[in-house]
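Breakdown of the fold
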Amino acid sequence: MISFQSQITSGNSSVVEHDLAKVGVASSNLVSRSIFLILLLFTSLFSSDKFFIKHSYCVDGLKKIDASLFAKSIKKDFLILDLPKNRASYSVTSLKITSKFKKNGINITDLSGGTVVFKNCKLPIDTKYIKKVLVKKFKKRYPNIKIQNIYISSPSSLSPNLSFYRIEDIKLQPNAYRKSKGTFSISLKKGKRKKKIYLKFSIDATIGVFKANYNLRNGKILQKDDYIATRVRFDKLRNGTITNALQKSYIVKGYIRKDAILDFSHFRVKKDMLKGQFIKAILEEGNLVLEVDAHLLKDANIGDIVRIKTVSGKSMSAKIISLKTAKILE
């Protein structure tokens, strides 16, 4: 009985051991295969450099293009092509470049789209002077602007021959002052020859503005403690934002929330004389001068021509000549 059980047990044991051995071999092979694939992957990743060809390259001052321009870590450099003289940009097919790498036994990935452009990115004109002029123009428009830097670029390649031209004038259109990025023109002259080019600018700056210190309601005459000065990035500046000193004659229109950046649309300007104010209206006929009591039909400043209404109910035009007097024109 015991012998029988022992045989059965030992028999089962050998079968189980045999099956486990199979599993062990399979698992071992699977692990080994995974490790092999991982090692193969890492070997392929690190055994050689990955080189790429882009669509465009800046080659200021270069007379020839070597392989190291595309593959900086290349072990042995070689010539790709010679660049023509006095060209702002030069284009070649990417095949001309890949064929040189293939000839030297090096694989390179073409991401250029078929054409590679070599261009002179450095502007052939006095950018320092241009920046000074732009800073001066923006500070004249916005006295409290603080400019950290101005970046200048060209929307297209410029001829190196422009370095022989003198800058005559730099112009910005009125709407260019409202944005942190824009286009401006430069007039150039060399002897009797004149050229006009267009460049792009980008400004990194902050500008002083004002924000409401409290909730401000319609009809309130603005007081000094109603607002506080602050600064914002120039690229966040909106059309109409008040950047200069606020006037005491501002009257709130509508409703302004606390911390809102103040702009001209929030206010109307209080005039010298308000609608309904009584004045002396003078009528001159030869040597005869008549005075009648009247009131204004709308707000007015000294020198304005407005409609007035006499106490008898007659409406007429008059010119405001002082805070208390108007001259009848009819």
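Below is a summary of the structure that appears in this document. (Residues numbered from 1 in each chain as written. Predicted model: local features only at pLDDT ≥ 70, side-chain atom pairs only at ≥ 80, totals over all residues. Heavy atoms only, no water.)

1. With respect to the sheet that holds strand S2 (residues 56-58)
One open sheet accounts for three strands, arranged S2-S7-S5; its pairing is mixed. Looking along the sheet, the strands with just one partner apiece sit at the ends: S2 and strand S5 (89-93). Pairwise comparison of adjacent strand axes, ignoring direction, gives a mean angle of 20° for this sheet. For S2 and strand S7 (residues 115-119), the ladder comprises three bridges, and the chain directions are parallel. By the bridge assignment, Ser56 is partnered in S7 with Val117. On the sheet, helix H2 (residues 94-103) packs against S5 and S7 and is oriented at approximately 65° with respect to S5. (Pairing = 2+ DSSP bridges. Helix = DSSP H or I, 4+ residues; strand = E, 2+ residues; numbered from the N terminus. Axes fitted to C-alpha atoms, helices over the stretch in contact; angles between N-to-C directions. Contact = heavy atoms within 4.5 Å.)

2. A word on the sheet that holds strand S20 (residues 315-320)
Read once around its circumference, the closed barrel built from five strands follows the order S17-S18-S19-S20-S21, with strand pairing classed as mixed. This sheet shows a mean twist of 50° between the axes of neighbouring strands, independent of strand direction. Where S20 lies against strand S21 (residues 325-328), three bridges are found, and the strand directions are antiparallel. When the sheet's bridge partners are listed, Lys319 is paired in S21 with Lys327.

3. Digging into helix H3 (residues 127-141)
Helix length check: H3 (15 residues) gives 21 Å between terminal C-alpha atoms against 21 Å at 1.5 Å per residue, within 8%. Taken together, the buried positions of H3 are Ile130, Val133, Leu134 and Phe138. Looking straight down H3, one finds its buried side chains confined to an arc of 130°; they lie on one side. Across from the buried face of H3, at angles greater than 90 degrees, the exposed residues are Lys128, Lys132, Lys136 and Lys140. In this structure, the buried residues of H3 make contact with strand S8 (146-153), strand S9 (166-172), strand S10 (181-190) and strand S11 (193-212). Its side-chain oxygen 3.3 Å from the backbone nitrogen of Lys128, Asp126 forms the N-cap of H3. (Expected span 1.5 Å × (residues − 1). Buried < 20%, exposed > 50% of the residue type's maximum accessible area, 1.4 Å probe, protein only. Arc of directions from axis to C-beta. Polar contact = N/O pair within 3.5 Å; in protein donor to acceptor, adjacent residues only side chain to side chain.)

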